Amino acid sequence: MRSLNQSSVLNLIRLREPISRAEIAKITKLTRPTVGDIVSNLVEQNLVIEKESNSSKQGGRRPIMLSINYKARYIIGVYAAAEIIRVSLTTMDGHIIYNLSKELETLPSKEDFITLIKECIYSVLENSNADKSLIIGIGFAMHGLVNPDKGLAIFSPHLHLENMPIKEILEQEFHLPVTLENDVRALAMAESWFGQGKGVSDFICISVGRGIGSGIVINSEIYKSSFHTAGEIGHTVLDVNGPMCECGNKGCLEAYASEAAIFKKVHKGLDSAEDSILKEWVKADRSNLSLELIFKAAENGDPLASLIVEQSAKSLGLATANLINILKPSKIILEGRIFEQGDLVISCVKEMAGKYTIRSLEEEVDIVCSALGKKGMILGAVSIVVKKLFEAGGLNS
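Residues numbered from 1 in each chain as written. Predicted model: local features only at pLDDT ≥ 70, side-chain atom pairs only at ≥ 80, totals over all residues. Heavy atoms only, no water.

Caption draft 1: Summary view of the environment of Asp 183. Tracing the backbone through its elements, the reader meets Asp 183 in helix α6 (residues 183–194). A C-alpha to C-alpha distance of 8.9 Å links Asp 183 and Ile 378, two positions 195 residues apart in sequence. What Asp 183 contacts, discounting residues up to four positions off in sequence, is Tyr 79, Ala 141, Met 142, His 143 and Met 377. (Helix = DSSP H or I, 4+ residues; strand = E, 2+ residues; numbered from the N terminus. Contact = heavy atoms within 4.5 Å.)

Caption draft 2: Spatial organisation of the sheet that holds strand β7 (residues 135–142). With mixed pairing, the five strands of this open sheet are ordered in space as β6-β5-β4-β7-β11. Bordering the open sheet on either side are β6 (96–103) and β11 (178–182), each of which pairs with just one other strand. Strand-to-strand twist in this sheet, taken as the mean axis angle between neighbours without regard to direction, amounts to 15 degrees. Both β7 and β11 contribute to a ladder of five bridges, which runs parallel. Bridging across to β11, Ala 141 finds its partner in Glu 181. Along the sheet face, helix α5 (residues 166–174) touches β7 and β11 and points at about 150 degrees away from the line of β11. (Pairing = 2+ DSSP bridges. Axes fitted to C-alpha atoms, helices over the stretch in contact; angles between N-to-C directions.)

Caption draft 3: View of the nonpolar core. Counting 46 residues, the largest nonpolar core has Val 9, Leu 10, Ile 13 and Ile 24 as the members making the most contacts within it. The biggest single contributor to this core is helix α13 (residues 376–390), with nine residues. Setting aside residues up to four positions removed in sequence, Val 9 forms contacts with Ile 24, Leu 30, Ile 38, Val 39 and Leu 42. Ile 204, Ile 262, Val 345 and Ile 367 belong to the second-largest nonpolar core, a separate cluster that totals 42 residues. (Core = buried A, V, L, I, M, F, W, Y, C linked by side-chain atoms within 4.5 Å. Buried < 20%, exposed > 50% of the residue type's maximum accessible area, 1.4 Å probe, protein only.)

Caption draft 4: How the structure looks around unusual backbone geometry. For the peptide bond that leads from Glu 17 to Pro 18, omega is -5 degrees, which places it in the cis range. In this structure, Pro 18 sits in the loop between α1 (2–16) and β1 (19–20). Despite not being glycine, Lys 29 shows a phi value in the positive range, around 70 degrees. Tracing the backbone shows Lys 29 in the loop between α2 (21–28) and α3 (32–44). Note on Lys 29: relative accessible area 71%, which makes it exposed. The residue His 228 is not glycine, and still its phi comes out positive at about 65 degrees.

Caption draft 5: Quick peek at the sheet that holds strand β8 (residues 145–147). Spatially, β8-β9-β10 is the arrangement adopted by the three strands of the open sheet, whose pairing is antiparallel. Each edge of the open sheet carries a strand with a single partner, namely β8 and β10 (161–164). Adjacent strand axes in the sheet meet at a mean angle of 15 degrees when their direction is disregarded. Sheet topology places strand β9 (residues 152–156) next to β10; three bridges connect them, and they run antiparallel. Paired with Phe 155 across the strands is Glu 162, a residue of β10.

Caption draft 6: Just the packing of helix α10 (residues 291–299) against helix α11 (residues 303–327), in detail. Here α10 crosses α11 at 105 degrees, and the two axes come no closer than 7 Å. In this view, α10 runs roughly perpendicular relative to α11, as classed from their interaxial angle. Between α10 and α11, the contacting residues are Ile 294, Phe 295, Ala 297 and Ala 298 on the first element and Ala 305, Ser 306 and Val 309 on the second. In terms of residue class, the contact of α10 with α11 is made up of six nonpolar, one polar and no charged. (Parallel < 35°, antiparallel > 145°, perpendicular 65-115°, else oblique. Nonpolar A, V, L, I, M, F, W, Y, C, P; charged D, E, K, R; others polar.)

Caption draft 7: Examining the side chain of Thr 90 more closely. With respect to the helices and strands, the residue Thr 90 is situated in strand β5 (residues 84–91). Aside from chain neighbours lying at most four places away, what touches Thr 90 is Arg 73, Tyr 74, Ile 75, His 95, Ile 96, Ile 97 and Val 382.

Caption draft 8: The arrangement of the pattern of salt bridges in detail. Under the criterion given, the structure shown has 10 salt bridges. Note that Glu 181 is salt-bridged to Lys 224, the shortest N-O span being 3.3 Å. Of this pair, Glu 181 sits in strand β11 while Lys 224 sits in the loop between β14 (221–222) and α7 (254–257), and the two are 43 residues apart along the sequence. Glu 181 gets classed as buried once you look at its relative accessible area, which sits at 5%. As a salt-bridge pair, Glu 259 and Arg 337 come within 2.8 Å of each other at their nearest N and O atoms. Of this pair, Glu 259 sits in helix α8 (residues 259–270) while Arg 337 sits in the loop between β15 (331–335) and α12 (344–356), and the two are 78 residues apart along the sequence. (Salt bridge = Lys/Arg side-chain N within 4 Å of Asp/Glu carboxyl O.)

See the structure below:
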C-alpha cells in the first residue's frame, strides 16, 4: 500500500507541479501526516525538490511547493531494428546524456544480436559520466511481436529472430529491471509523454520505415490486446494477390508503402524506364539510390518516382482512413523519413483520410508529423521505464 501511495503522490506531483502537500492531501484523500511521510521520503531520495512559493495567502507564510527532480535518476533506452541498434542514457524527462548508434550491415544471429546489445550497453555505461547507481532500469523497444509481461521477443520479421528472453538475459547481465515493448507502441508512449500526444487521451501513432506499425492510445493508455500484438497495421491486407510481404503473406500494407517496398518498386521500374531522371542520377551504381533521391525525383516530375510515391501515399492514406473509421481518435501522429521529404506524402494521406472517413460535423481528426525525429524510438524505450516508475506499484510491479 505504501508503494502504491508513493507512486500515486509522485505521479500527481508530475501532473500538477508545482503543488503543495495540502493540495496533494486534498486530491488524493490521504491524511496530511501520510502525505508528509511520503513526500519526506521522496525528498530524501532526491526525486522531489521543494521550493517556496512566490505568493502567500493573506500575507501569511508562503507554502512549500513540490516538483519532480528529473535529473535525480537515469534510464538506459535501447532501440533494436534490422538496420540499427541505438542505446542512450537519459534523465527521467528524456534528456539524452550519452548516445550510441551501431548500424547493422548484415542480419545477426540470435547469439550475435544479444552480444551486440550487451556490448552497446556496456559502452554507454563506460563512456557516460553518470553515476551508475542512479540508473533505475533499461527500456527496450524492439521491432516485431513482443510479450511485455514475459519480456519475450516473440517474432521479429525483419531481423528474422524469434523467442528471445530479452528481459531475463539483460537482467542477469546488468542487474537492473528491464522493460520490453514493441517499438511503435513504445514510440506512442514517447509521444504521450514528450511529443505530439502530450495531453491527448486518444491518438494513433503510425510509423513507416523498413516496416510499418502503429501504436494505439485509448483513454491515455497503450492498447495492446490480450495477446500484446495490437497495432500491426503494416500487415493488414490490401490485396490477397498482391506482392509478397516479409511476414510471409501477400498484399500487406508494408509490401506497398514501406521504405523497403518503395526501394523494391523503384529498382524494378528502373530496369524498364527509359525516361527516368533517377537513371541518370544513379548512373550505373544503384547503391547511390536513396529515399531522398527518390522524393527529389518525384518533386521534379519524374514519372516513375512520382507514380511510386503517390501509390505508397494513397495506400497509407487508405489505411489511416480505416483506422479513423474504426477507432475515431482525435489525432493521428505520423513518424518516419517519408514524412520528412516535403509535403507529397502528408498531403495525400490527409486527402485520402478526409475523403474516406465517415464523420459528424463535430469530429475533427488532427493529422500531424512527429516532432521527436530519430530520438522517438529511444525516447519510447525510456518512457516505458519512466511510466512504470510513476504508475501504481512502481518499477518492481
